[in-house]
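Inside the fold
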Amino acid sequence: MAEQRVPRALATAAAAKIPKMARANLSATVRAKDEGKKVAYSFIVVGQDEIMRAMDIVPAWGESFSGISAAKRDAEKYLQRAEADNFSRSLCTYATCNIGFDMWREELGGAMPPDAPWGGIGRPDMILGTAQQLCDPRYKWPQATRHYLRDVPVFIGGMYYPAWDPKIDHKTQEEYYVKYNTAELHRCVEFCEKHTGKKMDWDRLASVVDLTDRTWNLFVETYELRKTIPCPMDTGDAMNTMVPMAFMLGTQESYDFFLALNAELKEKIAAKQGVVENEKYRLLWGAGLPSWFALSDFQYFNDKGAVFPVETTYRCYEPVYNLDLPKTSDPLEHIAWRWVRFWTHWYDKARKRPGSTPAVERLIDYIEDYKCNGVVFHSAFSCRSWHAGILLQAEILKKVYPEIPVLIMEGDIVDISSYNEADTHNRIDAFIETLEAYKQKQR
């Protein structure tokens, strides 16, 4: 069992605003029907954000609700309901938490289950999603949800990019993928038009896409301020500040959030104010979704003088001006090019290092750019597609940096039953000792 929960101290004022923003996102889904708006269940990094925003569809993010339930240590009641209907605990617990909630609501005739975290999530009018390489339940989660919400129409398109193959130049394939993804996005628009009774305003969509591009740029420029020593914001805060990107993309509120965060970090840098008073170790969060019920573990690292100036998690963006996107008058084709060019961004570099992979090249970039002297991964047992390559990444990384300390933590994103705080802290303590020995050796 977990020990008594200790809230994590946030380093930035911006991160402290996130709970209010996340709660407002959930509330918007609950009151949408009274405002005459349609609600769509959607999924993180889906590629359809701008379509929903341009058509005034209120997105209801399953991962957000499950993560909030986990952070409040209130997910077990939903996991148990899903488990009682033969959904294994080894399945994605974002999905099973959300499905368990939907099952309960349908049993109540559509009424909100009692004591739902932050008022619960609104019942959808439609489900929008994309199958892709990022996440394996993208087909099955909507299908399973539809089993309980029989009247809710589902659209699952495809958003793919060339698979990594060191022997193949992906640029010879990318136009095919862009064409396919663009067609799928147009099909999504047609589906939304049918079920909202509204026509797409293409000028408005172009404006939303432009706002998203500018937010991508600002997001990365802001996060790169964290290269500064001492680090003004670490991954513990970034697990909160991902909300305006992951769940509010294409909104002015998201752009304004990062504008404010950018200004705050510059003030901290000018005042030489770091996350920890005496910064000893700079760590890369190499991969893995966090245990939402144990974000205080980042504080534990901080208390040992360790900070995380950079992470790959929830950083699914590069400045658009670095992606060299072909010009097009179709905003959906622009989205498709941006998607393909981002996910293949490290392919060329990986091809130049025999035995490497794009994911490892990204880690190497971050280790060098952010002056990291250790890497931490988190392997969540219920998330296979994104966590499956962690051991391979660590192994390849060791060939480039034979002595760099690497810690692979194990747990889950939502299911707290596998977590033991004392054991986790003991592993962190041992890792810190290894880090100190590594630093001594480097001097």
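Everything in this summary refers to the structure shown in the same document. Computed from a predicted structure; not experimentally measured. Along every chain, residues carry numbers that run from 1 in the direction the sequence is written. At least 70 in pLDDT is required for a residue's local features to be given in this predicted model, at least 80 for side-chain atom pairs to be given and counted, and no such filter applies to totals for whole chains, interfaces and linings, which use all residues. Heavy atoms throughout the structure, all of them, feed into the side-chain values; hydrogens and water do not.

1. Notes on the side chain of Arg282
Helix and strand labels come from DSSP, where a helix needs a run of H or I of at least four residues and a strand needs a run of E of at least two; each type is numbered from the N terminus. For Arg282, the location among the structural elements is in strand β5 (residues 281-287). Only heavy atoms enter the contact rule, under which two residues are in contact if any of them lie within 4.5 Å. Beyond its immediate sequence surroundings of up to four residues, Arg282 is in contact with Arg226, Lys227, Thr228, Ile229, Cys231, Val307, Pro309, Tyr370, Lys371, Cys372, Asn373 and Gly374.

2. What to know about a negative patch on the surface
Grouping into patches uses exposed residues only, defined as over 30% relative accessible area, and leaves out salt-bridged ones; the cut-off is 9 Å for like charges and 5 Å for nonpolar side chains (Val, Leu, Ile, Met, Phe, Trp, Tyr). The accessible surface values rely on the Shrake-Rupley method and a 1.4 Å probe; as for residues, cover is taken only from the protein chains in view. Criterion for a salt bridge: a side-chain nitrogen of Lys or Arg within 4 Å of a carboxyl oxygen of Asp or Glu. Think of it this way: Lys and Arg go in the positive column, Asp and Glu in the negative one, and His and the chain ends go nowhere. Note on charges: their place is set at NZ of Lys, CZ of Arg, CG of Asp or CD of Glu. Side chains of Glu221, Glu224, Glu368 and Asp369 sit close together on the surface and give a patch of like negative charge. By the secondary structure assignment, Glu221 is in helix α9 (residues 202-223). Residue Glu221 is classed as partly exposed on the basis of its relative accessible area of 34%. Exposure classes here rest on a 1.4 Å probe applied to the protein chains alone. A residue is buried below 20% of its type maximum, exposed above 50%, and partly exposed in between.

3. Thoughts on helix α13 (residues 296-303)
Structural remark: α-helix, 3.6 residues per turn; residues separated by three or four positions point the same way. A large share of α13 lies buried, amounting to 7 of its 8 residues. The set of residues buried in α13 consists of Ser296, Asp297, Phe298, Gln299, Tyr300, Phe301 and Asn302. Where α13 is buried, its residues contact α10 (235-241), β5, β6 (306-311), β7 (374-380), β8 (406-411) and α19 (421-442). Positive phi appears at Gly305, one or two residues downstream of α13, with a value of about 90°.

4. Quick notes on the pattern of salt bridges
Evaluation of the coordinates by the stated rule reveals 28 salt bridges. In this structure, Glu106 engages Arg123 in a salt bridge whose closest nitrogen and oxygen atoms are separated by 3.1 Å. Here Glu106 is found in helix α6 (residues 93-107), whereas its partner Arg123 is found in the loop between α6 and β3 (126-131), with 17 residues between them in sequence. Accessibility expressed as a relative area gives 26% for Glu106, which makes it partly exposed. Across the pair Arg338 and Asp213 runs a salt bridge, and its minimum N-O distance is 2.8 Å. Residue Arg338 is found in helix α14 (residues 331-343), and its partner Asp213 is found in helix α9; the two are separated by 125 residues along the sequence.

5. So, the packing of aromatic side chains
Working definition: rings of Phe, Tyr and Trp (its six-membered ring) pair if their centres are within 6.5 Å, and the pair is stacked with planes under 30 degrees apart, edge-to-face with planes over 60 apart, and tilted otherwise. All chains considered together, the criterion is met by 28 aromatic pairs. Each ring, one from Tyr176 and one from Tyr177, has its centre 5.5 Å from the other, and the planes form 85°; the classification is edge-to-face. Through successive ring pairs, a cluster of aromatic residues spans Tyr161, Trp216, Phe219, Tyr223, Phe257, Phe258, Tyr317, Trp339, Phe342, Trp343 and Trp346. A cation over an aromatic ring shows up here: Arg214 above the ring of Tyr255, its NZ or CZ 5.4 Å from the ring centre. Here the guanidinium or amino end of Arg226 rests over the ring plane of Tyr223, the centre of that ring lying 4.9 Å away. Any Lys NZ or Arg CZ found within 6 Å of a ring centre and within 35 degrees of that ring's normal is scored as a charge over the ring.

6. Some words on helix α7 (residues 140-148)
Taken together, the buried positions of α7 are occupied by Trp141, Pro142, Ala144, Thr145 and Tyr148. Seen end-on, α7 carries its buried residues on one side only, within an arc spanning 165°. Tucked into the core, α7 has its buried residues touching β1 (39-42), α4 (62-71), α6, β3 and β4 (154-158). Think of the arc as the fan of directions from the helix axis to the C-beta atoms.

7. Brief notes about the sheet that holds β1
Here we have 4 strands laid out as an open sheet, ordered β2-β1-β3-β4, and parallel in their pairing. Single-partner strands in this sheet number two, and they are β2 (58-61) and β4. Averaged over all pairs of adjacent strands, the angle between their axes in this sheet comes to 30°, without regard to strand direction. Strands qualify as paired when DSSP identifies two bridges or more between them. Bridging between β1 and β2 involves 4 bridges; their strand directions are parallel. Bridge pairing links Tyr41 to Ala60 in β2. Only C-alpha atoms enter the line fits that serve as axes; for helices the fit covers just the stretch in contact. Angles between N-to-C directions range over 0 to 180 degrees.

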